[in-house]
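What follows is each chain in one-letter form.
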Amino acid sequence: MSIFLDQNSKVIVQGITGREGSYHTGRMLAYGTQIVGGVTPGKGGQKSEHGLPVFDSVKEAVDATGATHNVIFVPAPFAADALYESHEAGISLAICITEGVPVHDTLKVVGTTSGMRIIGPNCPGLISPGKASVGIMPGHVFKQGHVGLISRSGTLTYEVVDGLTRAGLGQSTCVGIGGDPIIGTTYVDVLREFANDSQTKALVICGEIGGSDEEEAAAWIGEHLAGIPVVAFISGRNAPPGKSLGHAGAIVSGSFGTAQSKIEAFQAVGVRVAERPSEIPKLLLAH
Amino acid sequence: MSIFLDQNSKVIVQGITGREGSYHTGRMLAYGTQIVGGVTPGKGGQKSEHGLPVFDSVKEAVDATGATHNVIFVPAPFAADALYESHEAGISLAICITEGVPVHDTLKVVGTTSGMRIIGPNCPGLISPGKASVGIMPGHVFKQGHVGLISRSGTLTYEVVDGLTRAGLGQSTCVGIGGDPIIGTTYVDVLREFANDSQTKALVICGEIGGSDEEEAAAWIGEHLAGIPVVAFISGRNAPPGKSLGHAGAIVSGSFGTAQSKIEAFQAVGVRVAERPSEIPKLLLAH
Amino acid sequence: MNLMEYQGKELFRRAGIPVPRSQHCTNAEDAATFVAEHPGNWVVKAQVLMGGRGKAGKIKFASTADEARSVTREIMATPMPPNRQNPKGEPIRSVLVEERLPIAKEAYCAITVDRAHKRPVVMVSRFGGMDIEEVAEQHPESIAKHFVDTAVGYSPFIGRELASGAELDAGYRRAFPMIAGALYELFFKYGARLVEINPLALTEDGKVIASDAKVELDDDALFRHKEFEEWQRVLPLDEDETLAAQAGVGIRNFRRFDGNVGTMANGAGLAMATMDAVSNAGGKIANFLDVGGGASAERVRNCYELVMNHTGAKVFFINIFGGITRGDEVANGIVTALKQTQARKVPLVIRLTGTNEKEGRAILAAAGMTPVETMDEGAAKAVQIASQA
Amino acid sequence: MNLMEYQGKELFRRAGIPVPRSQHCTNAEDAATFVAEHPGNWVVKAQVLMGGRGKAGKIKFASTADEARSVTREIMATPMPPNRQNPKGEPIRSVLVEERLPIAKEAYCAITVDRAHKRPVVMVSRFGGMDIEEVAEQHPESIAKHFVDTAVGYSPFIGRELASGAELDAGYRRAFPMIAGALYELFFKYGARLVEINPLALTEDGKVIASDAKVELDDDALFRHKEFEEWQRVLPLDEDETLAAQAGVGIRNFRRFDGNVGTMANGAGLAMATMDAVSNAGGKIANFLDVGGGASAERVRNCYELVMNHTGAKVFFINIFGGITRGDEVANGIVTALKQTQARKVPLVIRLTGTNEKEGRAILAAAGMTPVETMDEGAAKAVQIASQA
C-alpha cells in the first residue's frame, strides 16, 4: 500500500514558476508522480516550464484538477500563507520544503489547520518508491520494498537508503519529517500510519539530537509495535550543548535532547540502535 | 425530554460570590436546579452564601462536582476568560448572562471553543420548566408542557410565556439566546435540538429587528420542520434605521434587519406571525 | 462609536493603508493657509458622521487659498440636511482638505462581523463609491466575501482570492492583499464593528489609495482603548444618547420620535414590543425607553423626566413585567418618583404584571392610580388619551 | 539571537512586566555617576549571554559611587570564565546597575515552544533563582505547565491555574496572571523561542518583579523585526557564527572543536553523522560543517579556507552524498577550489557517492585524488592520517 502517497495521488506545486519549484517539478514528473498543475499568484492561465497549467490560487487548482496533495516551494515569509491557503482549499496533505520558516508561523499553522496533514517545514519531502515522489529526494537511490523510513534530515536519509537499497532492502515509504523544532508530522504521527500499512514490514528511524521526539517515538513503539523490526540511528553524538548544528531543531539544552537519552529510550523498548549508518541493513536483517 | 437542561444537569456558577451571582444562585436553587458549587478565584475552600462549595477554578469545580453546565455572572471584561476556562475544563454548556461583552471577544470565543455550547452572552439563560432553571428567568411564570420557545430578549419572553401559561400552554424548554450581534447559539442551533426533542410539540420564536437570524431560522424551518406548529413574533417594527434599540444587536441597517423582512420570511414558510404577543396562544391553538 | 473620516484615515495611516495627503481644518482660515502653503488641487470635505455629503454639496474642490477659504465657509455655513436617521441633520464643525486624486477606478472593501457565520467577513466589490446596499441590490454577484476563521486571522491568500473573486481591475491585484490585511489588523486591534474603504481608489498612475474611511468602534470595547478618549470628546453623542447618558440610562436605551405617546418598559424587547403595541393601536410613539432592571424611585423619576422634558408625550404608558424586578418595588418607585418630580404631569397608563403584581397594584391603587390588565389594553387606553389631549 | 539581560528587561518594560529600576553602563565612570546621582543600594551585574554570573563573581553590590566604580572595574576586568558551551569565555562590555530588591521569595516562569505538543508551553515553579534543569531534576513535581492553544492564545485563567498548580506563594497570586499574560504577548509579538523570568521575585513589601530576563529570539523571524537591528550590532555573533557568516554559509552550519580532523558534508544530518563517524574511528573532530546544496567551486573554496584557516585540522574529510547535488559538479568544485585557494594544504580524504558518482570520481582521479568508497572508510583513513601528522 505505502502511506501518504502513491501513483494515484494528485499533486500541485505551490511556487511552480520559481527556480526551485520548476526544477523539482521536472524531477517529480520524471519519477512518475502525478503532478497535475501549479500555483503562482498572478500567473494563472499560463503554462509551466513542463507544460502544466498554472493557477492563481490553490482553490482554483484544486477545483480544476482534483488535487489532494500540495508541495510548497515558496520563500519562508510566505510559507504560512501557502499552508493556510492549502487548508482552506481542502488539500489533505501539504508538504512544505521551505527552510527558515519562523517557528511561531509553524506553531500557529499546525495548531489551526486540523484536517490537513502537514509534512515539514524544512524537509526533503516523501517518496513511495516505484510509485511517486514529492519533494526533493533523489529518486534513483530508492527502491520499492517493505522498509518504512522516517528521518529528520535529507542527505543522511539518502545515505541510509542507499545502504538499504544496496543490501536489497527496498522501501515502502520514506518520510522526511524535517529538521525544525516544530513540525507538522512527527515520528509518532508517521508510525501510526506505518502500523496500519500492509506493505511495511520493518522500520528505520533516522534521528538526531534535540528535543524529545525520538523518546516519544520509542515510547510509542514500545506500546504499539511489538512485533515489527525497528532499527534507529541517531546523529550528532558529538554535538556541544547549546548550539544548533545545521538544523534549527538540532540543539542539546543541558541534559535534554542528547543522543544518549534517545539511544537509551530506543534500546529500552527493544529497538536496535546502529552505531553508524552502514550497520542499519545488517541490524534489520538480523531481526 | 426538554433540551439542554433538566433536573439531572449539574451546574456551577462562575462569579458565585458576586452580588448578581449570589442572588441568582439562591433563585436557581429555589427552583430546584442542581447547583453544585461555584467559582471565585482566590476564594477557593470557602462556602457560598447558600452553603455551596466555592472553588478557585472551573477545573477544580468540575473535578470535584462533575458539573457539565456553567452559568457566568462575571463582569464583561472577564467574560471571555471565563468562557475559555470553561472550555478548557470540559464544560459542555456555558450560559453567559454578562451584558456588554466586546463583540470581538465573543467572535473569538465562539470560533475557538468547539465542543462546548455557549448560550448568550447578554441573555437571560434557559429554563426547562418543572425541572431546572439556569440564569435569571423568573421561574414562577413558566409551566411544564410542550411548547419550545426561543427568544432574543428577556422580559418580552416572560410576557409571552405568561400568556402561554395562562392559556394552559406549558413549555418544554425556553432558551434566551441573547441580544448581542454575535451569540454562541442561534435560533437554528436551538431549532435543531427542538426538532429531536420528543417533549416539544410546538414552537414559539420571539425575534426582533437586526441581523438576519430570523430569516435563517425561517429558512431552516421551511426545510426541516414541516409538521410542527410554529408561531413567531417580531418586536421593533417601529424602530428607526441605524440606531440600536436597547440591545446592541437590535439595529436596522438600511434595508437589512427590518421587521418586515423577517415577518415575510416566516410567512413564506408557513409560520404564523403574531401582530402582538397576546395573539401567540391563539395562533398556536389554531394550528 | 463611529469615527469621522479624518479620524478613520488617521487609523488607516497608522496601519499602513495608503491615504491621500490631507489636513484637518476647523475653520476656513486654516484651510486657506494650508492651501496657500501647499499649492495643488485639493478637495474640501465636510467632516460629519452622516452619509450623502456629495449630494448635499458638502464636498467641493479648491485650487487656490481663496477657493479653499470660500468653499470651506460655504460647506460649514449650513448643517447636513436631515434624513430619516438623523431628523435634525448634523452641524459641520470641521473639514478635511485633501489631495485630489486622479482616480481611474473605484472599488469597495469592508470588514464587519457576520452574525450568521459568527465570523468576521471581508467584503469586496469592483463597484466602489456607491452605497454598498445599492451594490447589493443592483450587482449582488459583484460582491465577494470571505468569512475569516478567527483562530487563524487574515492571511494574504484571502486578499488574492477576494480580488480575483470580485474581479477587481488588475491594477489592484498587487497592493490589495496587503491593504486588506492592514484593514483586518485595524479591525481586530481596535475591536471594530465595521471598517470600510469606499471608494478604494486606483489612480491613473497605478496607486491604490483609500479615498474615504469609515470606522465603527464597539462601545463595549472602548474600555480597552483609552487612546480614543480624546476623539470621543470631539465626537459628541447624538442628542438622544446625550440625554440618556445624563439620565443615567444606557445610551442605547432611549430614542425619541415625533409622536405623543410616551412609553417606558423594563427590558429592550418589551420596550420595543410596547412601541409596537401603541402603533398597533393607531397611536404615534413619542419615544423608546428601557428603564432596565431594578426600577428604583430615582431611576423611575429620571426616566419620567426624560420623557416629560424632552418629548411631545401627552400620555405616559408604563409597561412593567415583574420578572426579577418585583412589582411592589416598581410601584413604590413610580409613586415616589411622581411625588418628587418637578416635571410637567400627563395622564399615566400603567400596566404592571408578573412577580408581586397584587402588592404592586395595591400600592398604585392607594396612590390613586388604576393599572390596566394587559399591554394591549394599556396601549389602546394611552392612544385614546393622547388623541383627546 | 539571544538578548542580554538589559535588552530583555527593556522588552519586559515595554510589555508592562515590572522590572527593577536600572541603568545600563558601558564603563565604571558611568556607573559611579549614576549611583552618585541616585543614592541607594544597587547591584552591578555583568551583561553577558553566558550563565553562571553569580558564581563567577560577576554580580556585586554597591551603595556608593566609589563602590560602584570599583566593582564595575572588577567585573569588567576579566572575561567570564570558559565552560564547555563557551570554551573561550565571554568578554564583559557593559554592566547593569540595578536597584537592590528586598526579596522575600523567588519563583520561575518561562514560555517556550514544546515540540511534542506542537504548542507554546508556559512553565512555572516555586523554585526560582536556580537553573530550571536543576529544578526539573530535584523537584520535577514543582513545575506546572500549560500548553497554550495558539488559536486562542493566553487568557488569565491559565496564569491562575499555573500559580495554583505550582503552589506559588499567595503573594504572587494577584499579579501573576497579568505578568504571565504580558510575557506571552512578548513571546508571541516578537516570535521568541524562549522568554524566561528567573527569578520572578516577590519582595518583602509584596511586589512581584522580574529580577532577571532571558529572551531568545528566532533568527528566522528577525526579518519581521527591524527594531532589533541595533541590538544585533551590540550582540556580536559568537566567533564560529561570525566566521560562518563571513564564509557565506548559514551561521548554524559551522562549529569548531578541539580536534585535528576537519570535516565537511552536504546536509546537516550527514555532517553530524560524519563527525560521529570520525569519533567512532577514534579521531578527534576539528569542526562541524554543512556545505549545503549546490557546492559550487566558490562555496567549496570558502568552506575549505574556513576549516584550514580557523581550525587545527591536519586532514580534511569531505563527505558528499550526491542527491540533488550532482557528484560531477561537486568534484569540479573541489578541484577548482583547491587550485584557487591560497590557504594551507592538508591531506584530503574524499568520499563521493550518489548521483553522477562515476563522473565525479573520474574528475577527482584526473586531478590526482582517489576517493574512498564509504563514509566509514573515509573516517578511518582521515583519523589515521591525522594521528600520523
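Being a predicted model, the structure only gives us computed values, none of them experimental.

A.B. asks: Please provide a residue-by-residue account of the domain arrangement of chain A, values included.
C.D. replies: Residue and element names in this part refer to chain A. Domain boundaries in chain A define domain 1 (1-122) and domain 2 (138-287). On a C-alpha basis, the centres of domain 1 and domain 2 stand 25 Å from each other. Domain 1 puts 17 residues into the contact, and the matching count from domain 2 is 24 residues. Interface area, domain 1 with domain 2, both sides summed: about 1,600 Å², of which 56% is carbon and sulfur. When the area that domain 1 buries against domain 2 is broken down by residue, the three leading residues are Met1, Ile3 and Asn122, summing to 33%.

A.B. asks: Can you break down the interface of chain D and chain A residue by residue, with the values?
C.D. replies: The interface is formed by 53 residues belonging to chain D together with 67 residues belonging to chain A. Sorting the residues of chain D by area buried against chain A places Arg115(D), Lys118(D) and Ile324(D) first, and these three jointly supply 18% of that buried surface. If you look at where chain D meets chain A, you find five salt bridges. Inspection of the chain D/chain A interface yields 14 residue pairs in polar contact (both at pLDDT 80 or more). When contributions to the side of chain D that touches chain A are tallied by element, the ones reaching two or more residues are strand E5 (103-114), strand E6 (119-125), helix H4 (132-138), helix H6 (176-189), strand E8 (192-203), helix H9 (268-280), strand E15 (348-354) and helix H13 (375-388) of chain D. Tallying contributions element by element places H9(D) first for the side of chain D that touches chain A, with nine residues. Across the side of chain D that touches chain A, the residue classes break down as 21 nonpolar, 14 polar and 18 charged.

A.B. asks: How would you sum up the nonpolar core? Please name residues and give values.
C.D. replies: Formed by 96 residues in total, the largest nonpolar core has its most connected members in Phe4(A), Val71(A), Ile95(A), Leu164(A), Leu191(A), Val204(A) and Phe266(A). The element contributing the most residues to this core is H9(D), with eight residues. When neighbours within four sequence positions are excluded, Leu191(A) is seen to be in contact with Ile150(A), Leu203(A), Ile205(A), Ala217(A), Trp220(A), Ile221(A) and Leu225(A). Of all hydrophobic cores here, the second largest spans 95 residues; its members include Ile95(B), Val204(B), Leu284(B) and Met275(C).

A.B. asks: Help me get a handle on the domain arrangement of chain C, residues and values and all.
C.D. replies: Residue and element names in this part refer to chain C. For chain C, the assigned domains read domain 1 (1-19 + 102-236), domain 2 (21-100) and domain 3 (239-388). The straight-line distance from the C-alpha centre of domain 1 to that of domain 2 is 23 Å. Across the contact, 13 residues belong to domain 1 and 14 residues belong to domain 2. Contact between domain 1 and domain 2 buries roughly 930 Å² in total, counting both sides, with carbon and sulfur atoms accounting for 48%. At the junction of domain 1 with domain 2, the criterion picks out four salt bridges. Its salt-bridge partner being Glu98, residue Lys9 comes within 2.4 Å of it at the nearest N-O pair. Here domain 1 is connected to domain 2 by seven residue pairs in polar contact (both at pLDDT 80 or more). The residue makeup of the side of domain 1 that touches domain 2, split by class, is seven nonpolar, two polar and four charged.

A.B. asks: So what about the sheet that holds strand E10 (residues 171-176) of chain A? Which residues, and what values?
C.D. replies: Taken together, the seven strands give an open sheet; going across it, the order is E8-E7-E10-E9-E11-E12-E13 (chain A), and neighbouring strands pair in mixed fashion. Strands with a single pairing partner mark the edges of an open sheet, and in this sheet they are strand E8 (132-135) and strand E13 (272-274) of chain A. Strand-to-strand, the axes of this sheet are offset by a mean angle of 15°, without reference to chain direction. Across five bridges, the pairing between strand E9 (residues 144-151) of chain A and strand E11 (residues 202-208) of chain A is parallel. Along E11(A), the bridge assignment pairs Ser151(A) with Cys206(A). Those strands touched by helix H1 (residues 19-31) of chain A are strand E7 (125-128) and E8 of chain A, and its axis lies near 165° from that of E8(A). Its contacts with the sheet place H9(D) against E11 and strand E12 (230-235) of chain A, and it is angled at close to 85° to E12(A).

What counts, and at which threshold
As a convention, each chain's residues are numbered from 1 in the sequence order in which they are written. To label them, take the chains in the order written and letter them from A, then take the ligands in the order written and number them from 1. Side-chain atom pairs in this predicted model are given and counted only at pLDDT of 80 or more, local residue features only at pLDDT of at least 70, and totals for whole chains, interfaces and linings cover all residues. Only hydrogens and water are set aside; all other atoms, that is, all heavy atoms of the structure, feed into the side-chain values. Throughout, the edges of the domains are those of an automatic or database domain assignment. Note on contacts: a residue pair qualifies if any of its non-hydrogen atoms lie within 4.5 Å across the two residues. Accessible area, probed at 1.4 Å, shrinks when two parts are joined; the buried area is that loss added up over both. One side-chain nitrogen of Lys or Arg within 4 Å of one carboxyl oxygen of Asp or Glu is enough to make a salt bridge. Contacts described as polar in this section are N or O atom pairs within 3.5 Å, which, within protein, must combine one atom able to donate a hydrogen with one able to accept it, while residues neighboring in sequence count only if both atoms come from side chains. We count a stretch as a helix when DSSP gives it H or I for four or more residues in a row; a strand needs E for two or more, and each element gets its number in order from the N terminus. Polar here means any residue outside two lists: the nonpolar Ala, Val, Leu, Ile, Met, Phe, Trp, Tyr, Cys and Pro, and the charged Asp, Glu, Lys and Arg; Gly therefore counts as polar. The definition of a nonpolar core used throughout is a set of buried Ala, Val, Leu, Ile, Met, Phe, Trp, Tyr and Cys residues joined through side-chain atoms within 4.5 Å. Burial here depends on accessible area, computed with a 1.4 Å probe over protein chains only, as a share of the maximum for the residue type. Under 20% is buried, over 50% is exposed, and the range in between is partly exposed. Any two strands with at least two DSSP-identified bridges between them are counted as paired. Angles here are taken between N-to-C directions and fall from 0 to 180 degrees, while the axes themselves are lines fitted to C-alpha atoms, restricted in helices to the stretch in contact.

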